[in-house]
Amino acid sequence: MSWLDHRTGIETAIRSFLYEEIPASSGWRHVFGSMAVFLFMVQSFTGALLAFNYAPTPGDAYNSLRYILTEVTGGHLIRGLHHWGASMMIVVVVLHMTQVFLYGAYKKPREATWMVGVVLLLLTMAYGLTGYLLPWDNRAYWGTVVSTRIATGIPLLGPYLSRLLGGDNEVGVVTFARFYGLHVLLLPPATALLMASHIYLVRKHGVAPAPGDEVRAKKKFYPEQVFRDTVAIFIAFAILFVMAVVVRVPLERLADPTDATYVPRPEWYFLFLFQTLKFFDGPLEVVGSVVLPGLAVLALILVPFVDRGKVMRVTRRTVAIGVVSLAALGWTGLTVAARMTTPKADETTDVDFGAPTDWMQLSPQELAGVGYFRKEHCDSCHGVVEDKPGIGPDLANGNIRKSAAWMIAHFKRPASMVPGTSMPAIQLSDSQLNALAAFLLKLTPRNAAALGNAPDFAVEAALLFQANNCGSCHVANGVGMPIGPPLSGLARRRTRTWVVQHFANPQALSPGSIMPPYRFSSQQMDHLVAYLFILPE
Amino acid sequence: MGPRRDAYSKDMHTAEDCAAPSVTRRRFHIGFIYGLWSVIAAALGVPAALYLLLPPKLRKMPNWVTAGDVSKLQTGDPVEMIFRQNRVDGWKILSEKSTAWVVKLSDSQVVAFGPQCTHLGCAYHWDENRSQFLCPCHNSIFAIDGTVVSGPAPRPLDRYDTKLEGGKLLLGPLQESKGQA
């Protein structure tokens with residue numbers, strides 16, 4: 001007995017935990033519980049890290065998350081782990097339940113263990129629901145509008161629930177505070193407490209034996225089963241880590257309660273509920289939103305009391321297998337159906353707000369310059385990002401800064417300004433060369449990457465903007481002639497449809513306007529309107 | 001050694017018979033447990049440490065701020081100038097009121113001191129009678145060029161980077177002064 005153990009009993013406790021006897025049949029199918037505990041710890045850890053750089057109020061929440069993603073080292077990874085960890089936790093918890101269900105491990109005397117487990121499943125889903133709002137982007141906002149409306153629709157309880165969630169049909173600052181409070185203050189200790197009682201109950205009753213275990217010698221939990229748990233946890237973690245690094249976690253534009261065109265969709269694991277809701281119209285809606293899910297939860301909780309048979313051998317449990325297969329089939333069907341009916345978002349006009357968006361501050365002329373820079377493949381000789389040196393000088397380097405006039409003369413006849421250069425002349429018109437020079441004047445080592453990631457649609461739109469001389473009547477990002485209305489902040493004033501129709505026939509919508517009609521291909525129109533709508537105010 | 005053989009040996013032999021392979025197996029398991037958990041701990045711990053300890057990327061170059069018109073300033077007569085300055089604070093850009101004590105040394109040379117005493121950060125002022133900067137907190141006294149005359153101040157007044165454009169004084173970041181020789 002060591003000094004520490006004599007005083008705290010900690011070694012004895014760990015020893016008795018690790019050398020717990022488990023049935024001889026224990027094996028790989030028992031790893032899911034430990035995986036769920038591990039994922040909960042990952043979520044707690046990454047969640048706390050995110051909270052260190054996060055301001056839990058609408059607006060600031062979005063800005064601070066962008067700060068985490070674009071400025072804090074490793075912020076992308078930590079957020080990715082938290083985001084995908086949530087999805088993985090749902091998967092693992094469901095697999096854990098399925099295993100317990102198939103093997104009838106909820107039977108007497110383990111009914112309470114099962115019921116606590118069902119509550120833990122609901123808590124896991126509650127994290128998903130409340131965490132969804134916290135980025136405060138359009139997706140978060142509109143998704144939560146729908147989920148709170150559903151809660152409001154519950155008969156009798158609806159109004160109270162709605163008030164509890166912080167608003168009468170409104171998602172605002174109070175709802176945000178409630179969701180945040182639930183997500184970080186109430187749910188974690190509740191989960192920890194229930195997880196502890198769940199594990200206590202598993203230990204109290206022992207791992208459920210399979211038929212045949214009664215005649216075989218018991219095993220110890222450590223090291224063989226701990227090894228299996230560790231391997232499973234490691235595989236899950238490796239997948240999670242790779243997803244966090246590789247798969248882009250969406251961050252859309254700041255939540256816009258006036259955006260009437262947004263089509264909200266819940267997280268993938270709630271899609272089946274979303275689809276179920278569609279089968280019920282009008283007054284029956286409550287059946288899909290509350291009654292059916294409520295009955296399903298009730299049925300889950302009552303499973304140990306419905307199935308009291310003695311059969312434990314998994315291959316003989318045909319009803320259980322049937323139920324699991326049906327549930328899997330139903331879930332898959334509903335999820336696929338929901339996916340199919342999701343209108344295909346035009347990803348070409350998506351802006352990733354998880355990356356720097358300095359390019360949005362450029363004037364249309366400067367952004368068109370980015371277009372010419374790309375079209376002329378300037379970057380094949382001129383590095384603009386430090387780690388990509390080229391044959392020609394680094395154009396972001398402030399020490400070689402030249403005037404626009406110098407650059408344009410150089411573009412037309414390179415050797416006239418830099419004798420002996422191997423740079424070919426650029427075959428562009430004067431106004432195009434002007435745009436190119438304007439962009440290069442804005443370029444610094446600090447913003448090179450942030451300007452270089454301007455999406456193609458915006459660059460195309462800026463080229464169109466330049467080609468049609470929109471700037472001779474409209475101000476955009478502070479540049480242009482104020483003859484017509486300014487274009488910055490257009491998204492706040494007009495709808496997409498209005499802008500499209502206005503291009504075709506300005507006088508029909510703005511009588512007396514001197515703007516000539518414009519014809520664009522549908523793709524050009526998409527790009528142009530999407531670009532005009534992201535111009536900052 | 002595969003699991004099948006292991007189960008067989010357990011069932012059919014006494015403990016001594018399979019002692020040797022089971023010890024290897026046990027060591028293998030324990031080795032893996034420690035190894036994999038170390039990898040997981042490192043994969044979470046290292047990014048977390050970088051996340052918390054490395055400074056965030058700076059968003060903006062320090063801008064030059066116009067403090068005011070200095071063409072009418074008298075040489076050797078310090079003036080407190082108040083200006084607004086943008087400061088990046090985490091995810092926010094704050095517009096703050098800042099002050100500088102501006103001294104015209106000659107027509108082409110203007111110095112701007114940070115408004116805080118280098119001792120404990122109190123606001124000092126220009127004492128016209130004595131023609132010295134006086135800090136009321138602990139009686140630090142600075143000469144017109146910012147050097148310490150007396151008192152507990154450990155180093156001269158901090159200076160802003162300055163630039164003259166026309167008659168306008170532009171201020172850059174505040175530079176901490178070196179200790180007094």
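See the structure above.
Residues numbered from 1 in each chain as written. Chains lettered and ligands numbered in written order. Predicted model: local features only at pLDDT ≥ 70, side-chain atom pairs only at ≥ 80, totals over all residues.

## A closer look at the overall build of chain B
Counting secondary structure elements, chain B contains two helices and 10 strands. Across the 181 residues in chain B, those meeting the buried criterion constitute 17%. Of all intrachain contacts in chain B linking residues separated by at least 6 positions in sequence, the fraction that spans at least 24 positions is 40%. (Helix = DSSP H or I, 4+ residues; strand = E, 2+ residues; numbered from the N terminus. Buried ≥ 20, exposed ≤ 12 C-beta atoms within 10 Å, placed from the backbone. Contact = placed C-beta atoms within 7 Å.)

## Considerations on the environment of A:Val475
All names here are of chain A. Tracing the backbone through its elements, the reader meets valine 475 in the loop between α19 (456-467) and α20 (490-493). In sequence terms valine 475 and leucine 487 are 12 residues apart; their C-alpha atoms lie 6.0 Å from each other. When near neighbours in sequence (up to four residues on either side) are disregarded, valine 475 contacts Gly480, Pro482, Pro486 and Leu487.

## Some words on the pairing of strand β2 (residues 79-89) of chain B
All names here are of chain B. Here β2 runs beside strand β3 (residues 92-104); their pairing, made up of 11 bridges, is antiparallel. The partner of arginine 87 across the bridge, within β3, is leucine 94. Here β2 folds back onto β3 in antiparallel fashion, the turn holding two residues, of which glycine 90 has a positive phi close to 60°. (Pairing = 2+ DSSP bridges.)

## Focus: the interface of chain A and chain B
Every contact between the two is made by 26 residues of chain A and, on the other side, 22 residues of chain B. For the side of chain A that touches chain B, the elements supplying multiple residues, two or more each, are α3 (32-51), α4 (60-70), α5 (75-102) and α10 (221-246) of chain A. Among the elements that make up the side of chain A that touches chain B, the one with the highest residue count is α10(A) (nine residues). Broken down by class, the residue content of the side of chain A that touches chain B amounts to 15 nonpolar, seven polar and four charged. (Nonpolar A, V, L, I, M, F, W, Y, C, P; charged D, E, K, R; others polar.)

## A short note on the nonpolar core
It is characteristic of soluble globular proteins that their nonpolar side chains tend to be buried jointly. Residues and elements named next belong to chain A. If you look at the biggest cluster of nonpolar residues, it comprises 59 residues, and the most contacted ones within it are Met35, Ala36, Leu39, Met89, Val92 and Trp136. Going through the elements one at a time, α3, α4, α5, α6 (111-131), α7 (138-152), α9 (173-205) and α10 are the ones with two or more residues in this core. The biggest single contributor to this core is α5, with 12 residues. Those residues in contact with alanine 36 that sit more than four places away from it in its chain are Met89, Val92, Val93 and His96. Judged by nonpolar contacts, the second largest core, of 38 residues, contains Met407, Phe439, Phe457 and Leu532. (Core = buried A, V, L, I, M, F, W, Y, C linked by C-beta atoms within 7 Å.)

## Quick look at the environment of A:His83
Take A:His83: it is sitting in helix α5. A:His83 sits 298 residues away from A:Cys381 along the chain, and the two C-alpha atoms are 39 Å apart.

So, to be careful, I would describe these as geometric facts and stop short of saying anything about function.
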